[in-house]
Amino acid sequence: MTALGAVFRPQLPPERLRVIARLADDVGLEELWLWEDCFLEGGISTAAAALAWTERVRVGVGLLPVPLRNVAVTAMEAATLHRLFPGRAVVGVGHGVQDWMGQVGARAESPLTLLREHLDALRALLRGERVTADGRYVKLDGVALDWPPAGAPEILAGATGPRTLRLSGEAADGTILTASTTPEGVRQARQLIDEGRVVAGRTGRHRVVVYLRTATGPDAAARLRAEIEAEGENPEPERGVAGDAGAVAKAVQRLTDAGADAVILQPTADEPDPEGFVRFVAEEVRPLVP
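I will try to describe carefully the structure that is included in this document. (Residues numbered from 1 in each chain as written. Predicted model: local features only at pLDDT ≥ 70, side-chain atom pairs only at ≥ 80, totals over all residues. Heavy atoms only, no water.)

### Some thoughts on helix α9 (residues 245-258)
Threshold: Per the convention used, a helix needs a DSSP run of H or I reaching at least four residues, while a strand needs a run of E reaching at least two, with both numbered from the N terminus. One less than the residue count of a helix, multiplied by 1.5 Å, gives the span that helix is expected to have. Residue burial is assigned from relative accessible area. The probe radius is 1.4 Å, only protein chains are included, and a residue is buried under 20% of its type maximum, exposed over 50%, and partly exposed in between. Whether two residues touch is decided by their heavy atoms; if any such pair falls within 4.5 Å, the residues are in contact. N or O atoms closer than or at 3.5 Å make up a polar contact, with two conditions inside protein: a donor-capable atom paired with an acceptor-capable one, and, for residues adjacent in sequence, both atoms drawn from side chains.
With 14 residues, α9 should reach 20 Å at 1.5 Å per residue; the first-to-last C-alpha distance of 20 Å fits that figure. When we look at burial in α9, the residues that qualify are Ala245, Val248, Ala249, Ala251, Val252, Leu255, Thr256 and Ala258. Buried residues in α9 make contact with β1 (3-8), α7 (183-200), β9 (207-215), β10 (241-242), β11 (262-267) and α10 (274-285). Where α9 begins, the capping side chain belongs to aspartate 244, and its oxygen is found 3.2 Å from the backbone nitrogen of glycine 246. Just downstream of α9 lies glycine 259, where phi reads positive at about 125°.

Okay, structure coming up:
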C-alpha cells in the first residue's frame, strides 16, 4: 500500500501544530511531515512536540540541513526521538538551500562531500558504533552514543541532482524528492538511486518519498499556479494537482506507478484551511489510493 501523508508547512505559526497533529492522529493520517526551513521552525523541536501530542501518526522531518548541524548533535537528537517514540519518527538530512546556508556562514565548498561524510557518520552512530572520522568536514574522535536506538533507524537524504541521487543510493536508506518532481522525474531518480546502490553493494529496501503540491477547493487551480510560478517554475501539468479527491488520487497513483513508495501532499503556503486539508487527505483521498 502506498503511504500517504500531509505537510505541516512552517509558514504556519508553531502554535498551530498541536491542533493539526492531534487531528492527523484522530482522522487516521499515516504520516505528518515537517520542514526545517530557514528561518521558520526547528525540525527536531517540532517533531518531538508532534510525536508527544499524538499516539500513532508517523512524523517525518524532511529535512535537516547538514551544514547547520554537527553530526553528533544530529545523531543524539535522532536517537532520542527513536527511543522515545519507537517506529514513529522519520528523519531526513540534506544540503539545505545554499543561499540560506550562506546567510548563516555555513555554506560548504563541497556540499556533496559534506553530505556523504555526515550520512556515513550518522548512520554508524545510530547503529551504536564508536566512530572516529577525520574527513574534510566531519571530525570525530572515538564518539559513541550512550543511548543509541534499539535498532538502527532509516535515515533519508533529500536529493535533486544526479550526483546527490546516486549518493543517496550509496549512503542513505531512503530518498526525499521535492514537489517539483514529475512522474518521469521519479523514474529517473529511481534509476540514479539504483546506480548508487549497485556501487555500494546495497540490497536492502530504499524508500522513495515524494512531495506533491496539492490544492483543493473553489480556487485550487489559481492558488496552485501562483505558487508554482512564485517558485520560478513552469506550471505545467504534473508539477502539482488541483481538484477534488479523485483528481488528487490519480496524481498520487502516477507517482507511485513511477516508483514512489510514499506521497506526501503539500498544501500551498496560503492554504486557507490547514485542518480541512488534513481531513481531506485522510478521509477523502486515502480511500481512493491503493
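From this point, the narrative continues.
### Description of the packing of α7 against α9
This is how the line gets drawn: To obtain each axis, a line is fitted to C-alpha atoms, and for helices this fit is confined to the stretch in contact; angles are then taken between N-to-C directions over 0 to 180 degrees. An angle below 35 degrees is read as roughly parallel, one above 145 as roughly antiparallel, one from 65 to 115 as roughly perpendicular, and any other as oblique. Left-handed describes a crossing whose near helix is turned anticlockwise from the far helix through less than a right angle; right-handed describes the clockwise counterpart. Side-chain classes follow a simple rule in which Ala, Val, Leu, Ile, Met, Phe, Trp, Tyr, Cys and Pro form the nonpolar group, Asp, Glu, Lys and Arg form the charged group, and the remainder, Gly included, forms the polar group.
The geometry of α7 relative to α9 is characterised by a closest axis approach of 8 Å and an angle of 20° between their N-to-C directions. Comparing the axis directions of α7 and α9 gives the class roughly parallel. Here α7 runs over α9; the crossing is right-handed. Between α7 and α9, the contacting residues are Pro183, Val186, Arg187 and Arg190 on the first element and Arg254, Leu255 and Ala258 on the second. Each residue belonging to the contact of α7 with α9 can be placed in one class, and the counts come to 4 nonpolar, no polar and 3 charged.

### Focus: the side chain of threonine 268
With respect to the helices, strands and loops of the structure, threonine 268 is situated in the loop between β11 and α10. Among the residues examined, threonine 268 registers a relative accessible area of 4% and is labelled buried. At 2.7 Å, the side chain of threonine 268 forms a polar contact with the side chain of arginine 223. For threonine 268, the side chain forms a polar contact with the side chain of aspartate 270, separated by 2.7 Å.

### Brief notes about the packing of aromatic side chains
Note the cut-off: Classification of ring pairs rests on two measures: the distance between centres of Phe, Tyr or Trp rings, Trp counted by its six-membered ring, which must be within 6.5 Å, and the angle between planes, read as stacked under 30 degrees, edge-to-face over 60 and tilted in between.
All told, the structure shown has 3 aromatic pairs when counted by the stated rule. With 6.2 Å between their ring centres and 90° between their planes, tryptophan 33 and tyrosine 211 make a pair best called edge-to-face. Linking tryptophan 33 in strand β2 (residues 31-34) with tyrosine 211 in strand β9, this pair joins segments that are 178 residues apart in sequence. Of the two residues examined, tryptophan 33 and tyrosine 211, each falls in the buried class. Each ring, one from tryptophan 35 and one from tyrosine 211, has its centre 5.8 Å from the other, and the planes form 70°; the classification is edge-to-face.

### Side note on helix α8 (residues 220-230)
Put simply, the rule is: Directions drawn from the helix axis to the C-beta atoms are what define this arc.
Taken together, the buried positions of α8 are occupied by Ala220, Arg223, Leu224, Glu227 and Ile228. Down the axis of α8, the sector holding all buried residues measures 130°, keeping them to one side. Opposite its buried face, α8 presents the exposed residues Ala221, Ala222 and Ala230, each directed more than 90 degrees away. At its buried positions, α8 is contacted by β9, β10 and β11. One or two steps after α8, the chain reaches glycine 232, where phi turns positive at roughly 75°.

### Thoughts on the pairing of β2
Worth spelling out the cut-off: Pairing between strands is defined by DSSP: at least two bridges between them are needed. By convention, a crossover is right-handed whenever its connection, traced from the first strand over the helix to the second and viewed with the strands pointing away, goes clockwise.
Covered by surrounding structure in β2 are Glu31 and Trp33 together with Leu32 and Leu34, the residues of both alternating faces. Pairing of β1 with β2 involves 4 bridges; the strand directions are parallel. Residue pairing in the sheet places phenylalanine 8 in a bridge with leucine 34 of β2. Between β1 and its parallel partner β2, the chain crosses via helix α1 (residues 17-27), and the hand of that crossover is right-handed. One ladder, built from 4 bridges, connects β2 with strand β3 (residues 58-65); its direction is parallel. Of the residues in β3, the one forming a bridge with glutamate 31 is arginine 58.

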